[in-house]
Amino acid sequence: MVKVYLFPADEGDFIWVRYGNDENYANILIDGGTKDSGAEYAEVIQFIAEYGETIEALILTHIDYDHIQGVVDGISRVSSNILKKVVKRILFNTCRAISLEQGQAIDENKYVENQIIGNAYMGAYGIGDAIALMDLLKEKDVADRVMDYIVSGMEMIWDKNAFIRIISPGKKELNQFLNKWEPYCRETDVSAYTANLESTRENLVDLMEERLGSDSSINNAASIAFLFEYDHVRIAFLADAKPSVCIQGLKELKIKLPYQVDVLKLSHHGSKSNTSDALLKKLKTEIYALSTNGNGQRVPNKAVVAHLLKNAPKHNVTLACNYDWWETTYYGKYFTDKDKETYINGNKLKLLLLDENDFEVKDGLCIYGEW
């Protein structure tokens, strides 16, 4: 059995994967959303500890605030004893490890992880005395659990024979991150989204021919994206990764393509720059998980939704979402009358708002929005 919790995390990602049999589960936490999710992140860890279970991995996909804030805040709330008891490993690419792996000497003060600190400009990470994430892990005595060089082509087998295959980032992307990293914060949109409001006025069928973009963000290109397999369940977790990098990672792993997945977690909250027809043809599914509150009417880009329909088998798509952004953020005007008539009313596009009730993808796989 696999249970995936796609928590509402403002504009960010906070995902809990719970897998096992007979109430004997192992767990994976992927990112932690913004600081507002910190308390819930801590509660999940404490819940896992109370049930005597393990966390196979805390995965910090990349350093963007909407993925890492909740992790930092949450870890600061959990005792060292609990963390040491339940957390087996922490996946987090650091400049320390990348520079060592590539034989480069870099001033330690310029390491990205040493600049993830608690100040207003960087989004108030809320870990007390403005300490870096790595210092927090040292303080909690779990720094030895960090795997800080995660690159495409890696394969790992975790508890209960869960199979993890890394498809992003590549060595090239890690090198760029090491030397040209971009700070990301609320005030400065380094990885800007493509304008979305104009596209909402167009019909989905017309947007199927619109060209999708390419993300220039070094942070996003360095995202950890991976394939999760357990029993007969397959899920692609793409964080904010670039499609071209994921495709290269699939080639490195020599995965037979197209590769059928039960669910694909869309990259970068449905940004136009992080999905491509080429990737959708290689990772086939009809069910997409989308984590976003709409982020000020900037995502999901409507052209992305159109391309999902264009590439899906039988042209049927289910969007499993943790917010009803199409109603709240877009005030019910995201889809045109023609969209509703052709796709929504005809059940070719199903918009699913996840909650504490399970959405059964298939026997052995359920998705939730709350727990």
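Please refer to the structure placed before this passage.
Residues numbered from 1 in each chain as written. Predicted model: local features only at pLDDT ≥ 70, side-chain atom pairs only at ≥ 80, totals over all residues. Heavy atoms only, no water.

Chemist: Break down the side chain of Thr292 for me, with residues and values.
Modeler: Note on placement: Thr292 falls in the loop between strand 14 (287–290) and helix 12 (302–311). If sequence neighbours within four positions are ignored, Thr292 has contacts with Asp10, His269, Val299, Pro300, Asn322, Tyr323 and Trp325. (Helix = DSSP H or I, 4+ residues; strand = E, 2+ residues; numbered from the N terminus. Contact = heavy atoms within 4.5 Å.)

Chemist: With reference to specific residues and values, describe the sheet that holds strand 17 (residues 359–362).
Modeler: Read from one edge to the other, the open sheet built from 8 strands follows the order 6-5-4-3-2-1-18-17, with strand pairing classed as mixed. Since the sheet does not close on itself, it has two edges, and those belong to strand 6 (146–147) and strand 17, each with one partner. Where strand 1 (residues 2–6) and strand 18 (residues 365–368) come together, 4 bridges link them in parallel fashion. Residue pairing for strand 18: Tyr5 is matched across the bridge by Tyr368. (Pairing = 2+ DSSP bridges.)

Chemist: So, the packing of aromatic side chains: which residues are in play, and what are the values?
Modeler: Given two aromatic rings, their pairing is described by the distance between the two centres and the angle made by the two planes. Taken as a whole and judged by the stated rule, the model has 18 aromatic pairs. Their ring planes at 65° and their centres at 5.5 Å tell us that Tyr19 and Phe228 sit as a pair that is edge-to-face. With a gap of 209 residues between them, Tyr19 in strand 2 (residues 15–21) and Phe228 in strand 9 (residues 225–230) connect regions that are remote in the sequence. Taking the centre distance of 5.0 Å and the plane angle of 55° together, the rings of Tyr19 and Tyr230 count as tilted. Taken together, the residues span a long stretch of sequence, with Tyr19 in strand 2 and Tyr230 in strand 9 at a distance of 211 residues. Assigned by exposure class, Tyr19 and Tyr230 land together as buried. Aromatic ring contacts, followed pair by pair, group Tyr5, Phe7, Phe14, Trp16, Tyr41, Phe47, Tyr51, Tyr368 and Trp371 into a single cluster. Sitting over the face of the ring of Tyr334, Lys302 holds its NZ or CZ atom 6.0 Å from the ring centroid. (Phe/Tyr/Trp six-rings, centres within 6.5 Å; stacked < 30°, edge-to-face > 60°. Buried < 20%, exposed > 50% of the residue type's maximum accessible area, 1.4 Å probe, protein only. Lys NZ or Arg CZ within 6 Å of the ring centre and 35° of its normal.)

Chemist: Tell me about the pattern of salt bridges, residues and numbers included.
Modeler: Inspection of every chain in the model, using the stated rule, returns 13 salt bridges. The closest approach of N and O atoms between Lys84 and Asp141, which form a salt bridge, is 3.2 Å. Remark: Asp141 occurs in the loop between helix 5 (133–139) and strand 6 and Lys84 occurs in helix 3 (residues 80–86); sequence separation between them is 57 residues. In this structure Asp141 comes out as partly exposed when scored by relative accessible area, which is 42%. Between Lys302 and Asp339 there is a salt bridge, with its nearest N and O atoms 2.6 Å apart. A residue pair is termed long-range when its members are at least 10 positions apart, and Lys302 in helix 12 and Asp339 in helix 13 (residues 337–344) qualify at 37 residues. In this structure Lys302 comes out as buried when scored by relative accessible area, which is 0%. Each member of the salt-bridge network shares a partner with another, and the members are Glu56, Lys88 and Arg89. (Salt bridge = Lys/Arg side-chain N within 4 Å of Asp/Glu carboxyl O.)

Chemist: Describe the side chain of Asn301, listing the residues and the values that go with them.
Modeler: Its location among the elements puts Asn301 in the loop between strand 14 and helix 12. A polar side-chain atom of Asn301 sits 3.4 Å from a polar atom in the side chain of Asn196. Separated by 2.9 Å, the side chain of Asn301 and the backbone nitrogen of Ala303 make a polar contact. (Polar contact = N/O pair within 3.5 Å; in protein donor to acceptor, adjacent residues only side chain to side chain.)

Chemist: Tell me about the sheet that holds strand 10 (residues 233–237), and please be specific about residues and values.
Modeler: The 8 strands are arranged 7-8-9-10-12-14-15-16 in an open sheet whose pairing can be described as mixed. The open sheet has two free edges, formed respectively by strand 7 (155–158) and strand 16 (349–353), since each of these has just one partner strand. For this sheet the average axis-to-axis angle between neighbouring strands, irrespective of direction, equals 20°. The sheet contact formed by strand 14 and strand 15 (residues 317–321) spans 4 bridges and is parallel. From the neighbouring strand, Tyr288 faces strand 15, where its bridge partner is Leu319. Here helix 12 sits on the sheet and contacts strand 14, strand 15 and strand 16; the angle it forms with strand 15, its principal contact strand, is near 140°. (Axes fitted to C-alpha atoms, helices over the stretch in contact; angles between N-to-C directions.)

Chemist: A description of the packing of helix 1 (residues 38–50) against helix 2 (residues 65–77) should follow, citing residues and the corresponding values.
Modeler: Put simply, helix 1 and helix 2 touch, their axes get as near as 7 Å, and they point 55° apart. Put simply, helix 1 runs oblique to helix 2. For the pair helix 1 and helix 2, the crossing hand works out as right-handed. Every residue of helix 2 that contacts helix 1 at Gly38, Ala39, Tyr41, Ala42 and Gln46 is listed here: Gly70, Val71, Asp73, Gly74, Ile75 and Arg77. Looking at side-chain class alone, the contact of helix 1 with helix 2 contains 5 nonpolar, 4 polar and 2 charged residues. (Parallel < 35°, antiparallel > 145°, perpendicular 65-115°, else oblique. Left-handed = near helix turned anticlockwise from the far one by under 90°. Nonpolar A, V, L, I, M, F, W, Y, C, P; charged D, E, K, R; others polar.)

Chemist: Summarise the nonpolar core; cite the residues concerned and give the values.
Modeler: In terms of nonpolar packing, the biggest core is built from 47 residues, with Leu58 and Ile90 touching the most fellow members. Sorting the residues of this core by element identifies helix 1, strand 4 (54–59), helix 2, helix 3, helix 4 (95–101), helix 5, helix 6 (171–180) and strand 18 as the ones contributing at least two each. Setting aside anything within four residues of it in sequence, one finds Ile90 in contact with Leu58, Leu60, Leu137, Val142, Arg145, Val146 and Met147. In this structure, Met208, Leu264, Leu309 and Ala312 belong to the second largest nonpolar core, which totals 41 residues. (Core = buried A, V, L, I, M, F, W, Y, C linked by side-chain atoms within 4.5 Å.)

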